[in-house]
Amino acid sequence: MDLRPVFFSVVIATAGLAGCNQSTDDTPHALSVDKEAAASSKDAATDQKAFVPPPQLDIPFHKEVLPNGLTVIVHEDRKAPVVSTNIWYKVGSKDEPKGKTGFAHLFEHLMFNGSENFPGEYFEPFQRSGATDMNGTTSNDRTNYFATVPKGALDMALWMESDRMGHFQGAITQEVLDEQRGVVKNEKRQGENAPYGKAFDIIAKSTFPADHPYSWTPIGSMEDLDNASLEDVKKWFADHYQPANATLVIAGDISVDEAMAKARKYFADIPSTKVQPRIKNWELPTQVKKREVVHDQVPQTRIYKVWNVPAIGSEEEHALELMTSLLANRKNSLLYRRLVRDEKVATSVSAFYYGRQLAGQLIIVVDVKPGQPVDKVEKLLDKELQQFAKNGVSAEELRRVKQGEFASLVKGLEKTGGFGGKSDILARSEFYYDDPGALLKGVEEYAKVSAREVQDVAEQWLKDDSYTLIIQPQQQFTAVTEGADRSKLPEVDKNVELELPKQQNFTLKNGLRVVLAERHDTPVVLMNLQFRSGASADKSKPGLASVAAQMLNEGAGNLDSLEFSARAEELGVSIGGGSGLDYNSISMSALKSQLKPSLELFSKVVTEPRFPESDLERVKSNRLDAIAQEKAQPQGLALRELPPLLFGNEHPYGAPLTGSGTPEGIKSITREDLVNFQNTWVRPDNATLTIVGDVTEKEIEPLLNETLGGWKAPKEELPQIDVAKVTRPEKARVYLLDRPGAQQSFIMAGLVMPPWQPQGAEAFDAMANTIAGKFTSRVNMNLREDKHWSYGARAVSMDTEGQRPYILFAPVQTDKTAPAIKELIKEYQEYLTDRPITEKELEDYRNDEVLKQSARFQTKGQLLSSINWQVEKGLPEDYIADYPQRVAALNKEQVESSAQEFLAPDQFTWVIVGDLEKIKGEVEALDIGPVEVLPAKDQ
């Protein structure tokens, strides 16, 4: 479900400040005018400080309404040979009558179950056609479905999308309804089983009147889902899923004429009937002055404060969004500074404006530090909010916030599809504002928001009263008599042509290797400095590498943490450290116009990190709290317990796969440890700098030598990291972790695989994906689609320098724990014996893997990531470009051989988190290996 706040939404905002009050004392009128003029001059100066020139952005589009009512929007982007489709239906949970909650979300799932002319799994033709960014979401207001496909697969995608719009009702059977109802119920269980998983259900019920459409969440209730009849569901489809109630966006490597011709071909013959009345607005609910206390299995107290505020499209919208960034979500934000850094009574604080069609909500979330009294934190929070509303807003800080948001927006406009892509922006703009260009037009209004306007909304809405939880003439529609051929699915054009930028290699005067790939579509430069270290270098202090990476944000050179953060905001640059098992990295994403000062800041991080003691203590304390959070989540707990069982406690890969370290390791880390880590591993002879973006070698090399050229390698020899080889157990082992009252069991199984090698890598990936690595894999189809015991089951093989952990995971309903384990083992055993990979499975995998390369390098971040991996593995440049040919050449024997070489279900190490009182006996009865209950571990 899509619960993301809407940023950069357009609104015709009132410009300027409120008028001055008329004088009521004996002051001469001329003096009063002078005072007003002085105040006006001061306000104008403040507004100028807060103003940021908005980025010059444009998404050209064509909008047309077909005779049957379907709105079609087309955007041409010839950058990559892909096309994105995004269809928004004007139906969400707010359109559900009482007793039928969850129908909109249930239909999101049902419509992925095939149609009358294509029964079966909707995903199948897409997953053999190179589709990416494919999903569906449901919110209070709308339902949408989107995908990005190679342009040769667009006819297939539109045929499929139009078939489930115009030819779906007959595909809804009782069996399909029961199957997807089970999947949705498991999704609900999975959400509620997570810490704080019930919060937004409670907030919705407590902050909106019972008759308000936002008083329930899109997931709905178990009772209503159980009571949904086949007749109910078919009527719901007939009422809402029709052309006149939908908007279709086509964006990518296609002309307007081509796109409109295809839209007419596939959609124009679908009739529209009477569109259901839509609720366009609703009186804003009064504030709820209420405080509720609920108990759940969570590791620390969390405070939610909620105010009902104006909806999307209101005059206050931009100011509300900016206010949340000033309050939280940034190191320099007021609440983060006061609650987390200064008073140290909280480990995190966030705030967001949740804008919707009928109402908005302002929500602040605070995680209380363990041991701190809740009333103390509440009082401090209330005091800071009152002071914020009273004292006003720093124009300089408001300017930095705007600059940061604009930088994020510019960097996000590379993709045509997916969340935040151009098709998403066009559809969202049309849906909420009846104008596909509204969101980008709103950037200018956003840039003009003054500090006074932000303070005005703070004064108006941050009050003590809070929760501490449209009729138009009948349209006439016509449909053409002829449309697309529905007897067969259009063929997918399997020709993929990729033009990747040539990699340029050069060396700085200090010996640092640089790999550059130019891409000039947007004025952004991405860099990644990667060096050997990672968790495998932690030794006796698990978590050291990740803490060292995190502490890089806590100041560098002559800038302390807050000054560093402020400077980064001012430049619109993102700089941060990353940590994995075998490597750490320092990355940067900068605007071309600010490249030199951004590199100067980046250089300080590389060569002069401050590692301040006070910030280290806070980071360590918050890391310990985060570890406690991990232990409260079944998946996090299993990811912590499995590695030492596979590799041993002393092995470099024996640390928790969450990357957070152990409590003992975190507590032992000193500033000296961080300095030693930096001096030992962050050196030019142990690193490679990869760059992708709007810059040439001639431009970047002198800048790099100027900023990084003085960084020298120490005289000491670079240490070697010994990753010892381990053997698999002779037979399976089972470890249980008790979580009393859990509604689900989390099943995880691990197997140690040999290190990655280029020989046979494609066969291994084909094997791993078809058995358990993708949505249509055997494991997921069994537990989710056939049995509907789980919301999803998958397996992943981690990319490491040494032996790789292969991890299978499946959250299942409690009473199906043992049967699910049995099914998992059966799938692997059959894959190795009498039911190996089929020719159809392999063909589907080959087609999908080859065709999805069309979208693999659409963004600079994707390209940077691929080049990083290629450099890390020491592979030639053409290895990436030749990948489709290697996959296309795979045969069944190669994949079968890979399965025989690598898979061993009888040697799995199982970790199962659940209610042992309900599952232990049945798991033991499986007799797959010795069963041991792991003791609960304190922080």
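Reading the values: the criteria
- Residues numbered from 1 in each chain as written.
- Predicted model: local features only at pLDDT ≥ 70, side-chain atom pairs only at ≥ 80, totals over all residues.
- Heavy atoms only, no water.
- Helix = DSSP H or I, 4+ residues; strand = E, 2+ residues; numbered from the N terminus.
- Buried < 20%, exposed > 50% of the residue type's maximum accessible area, 1.4 Å probe, protein only.
- Lys, Arg positive; Asp, Glu negative; His and termini not counted.
- Salt bridge = Lys/Arg side-chain N within 4 Å of Asp/Glu carboxyl O.
- Contact = heavy atoms within 4.5 Å.
- Core = buried A, V, L, I, M, F, W, Y, C linked by side-chain atoms within 4.5 Å.
- Arc of directions from axis to C-beta.
- Pairing = 2+ DSSP bridges.
- Axes fitted to C-alpha atoms, helices over the stretch in contact; angles between N-to-C directions.
- Parallel < 35°, antiparallel > 145°, perpendicular 65-115°, else oblique.
- Nonpolar A, V, L, I, M, F, W, Y, C, P; charged D, E, K, R; others polar.
- Phe/Tyr/Trp six-rings, centres within 6.5 Å; stacked < 30°, edge-to-face > 60°.
- Lys NZ or Arg CZ within 6 Å of the ring centre and 35° of its normal.

**Student:** Please explain the side chain of E121 as it appears in this structure.
**Tutor:** By the element assignment, E121 lies in the loop between α2 (103–110) and α3 (123–127). Buried charge E121 goes without a salt bridge, the closest partner of opposite sign being R784 at 7.0 Å. With near-sequence residues (within four places) excluded, E121 lies in contact with F112, N113, E179, F775, M781 and E785.

**Student:** Sorry if this is basic, but what is going on with the nonpolar core here?
**Tutor:** Nonpolar side chains in soluble globular proteins generally cluster together in the buried interior. M323, I364, F388 and V454 are the most contacted members of the largest nonpolar core, which has 64 residues in total. Apart from residues no more than four positions distant in its own chain, I364 is found in contact with I303, Y304, K305, W307, L327, L335, V349, S350, A351, L381 and L385. Counting residues in each nonpolar core, the second largest holds 62 residues, with A104, Y145, M156 and M165 among its members.

**Student:** How do you make sense of the environment of L599 when you look at a structure like this?
**Tutor:** With respect to the helices and strands, L599 occurs in helix α19 (residues 595–607). L599 sits in the buried class, given a relative accessible area of 0%. Between the alpha carbons of L599 and L552 there is a distance of 15 Å; along the sequence they are 47 residues apart. Leaving out residues up to four positions away in the same chain, L599 has contacts with M527, M588, I700, L703, L704 and T707.

**Student:** How should I be thinking about helix α23 (residues 671–681) in this particular structure?
**Tutor:** Residues that lie three or four places apart on an α-helix share one face, since the helix turns once every 3.6 residues. Within α23, burial applies to D673, L674, F677, Q678 and W681. When α23 is viewed along its axis, its buried side chains cluster within an angular range of 135° and face the same direction. Along its buried surface, α23 packs onto β12 (524–532), α17 (544–551), β16 (583–591), α19, α20 (613–632) and α22 (663–668).

**Student:** Is there a simple way to think about the environment of A638 in this case?
**Tutor:** Relative to the helices and strands, A638 resides in helix α21 (residues 634–647). It is 9.6 Å that separates the C-alpha atoms of A638 and L736, two residues lying 98 residues apart in sequence. Beyond its immediate chain neighbours, meaning those up to four positions away, A638 contacts P643, F746, M748, V911 and V913.

**Student:** Can you help me understand the sheet that holds strand β22 (residues 909–914) in this one?
**Tutor:** Strand-to-strand pairing in sheets goes through backbone hydrogen bonds, with the strands running parallel or antiparallel. One open sheet holds the 6 strands; their spatial order is β20-β21-β19-β22-β18-β23, and the pairing between them is mixed. Looking at which strands have only one partner, the edges of the open sheet turn out to be β20 (794–797) and β23 (931–933). Taken pair by pair, the neighbouring strands of this sheet meet at an average axis angle of 20°, ignoring direction. Here strand β19 (residues 744–753) runs beside β22; their pairing, made up of 5 bridges, is antiparallel. Within the sheet, the bridge partner assigned to G750 lies in β22 and is T909. In the packing of helix α27 (residues 817–832) onto the sheet, the strands contacted are β19, β20, β21 (804–813) and β22, and the crossing angle to β21 comes to about 140°.

**Student:** Could you clarify how one ought to interpret the packing of α20 against α21 in this entry?
**Tutor:** When two helices pack together, their arrangement is given by the angle between their axes and by how far apart the axes lie. Two elements in contact, α20 and α21, have axes separated by 5 Å at closest approach and are oriented at 105°. By the angle between their axes, α20 is roughly perpendicular relative to α21. Contact residues: α20 offers I627, E630, K631 and A632, while α21 offers P634, G636, L637 and R640. Here the residues of the contact of α20 with α21 sort into 4 nonpolar, 1 polar and 3 charged.

**Student:** I tried to follow the packing of aromatic side chains on my own but got confused; where do I start?
**Tutor:** The full count for this structure, using the stated rule, is 28 aromatic pairs. Their ring planes at 85° and their centres at 4.8 Å tell us that F431 and Y432 sit as a pair that is edge-to-face. Residue Y432 is classed as buried on the basis of its relative accessible area, which comes to 15%. Taken together through their ring pairs, the aromatic side chains of Y89, F107, F112, Y122, F123, F126, Y145, F168, F237, Y241 and F775 make up a single cluster. The side chain of R856 reaches across the aromatic face of Y883, ending 5.6 Å from its centre.

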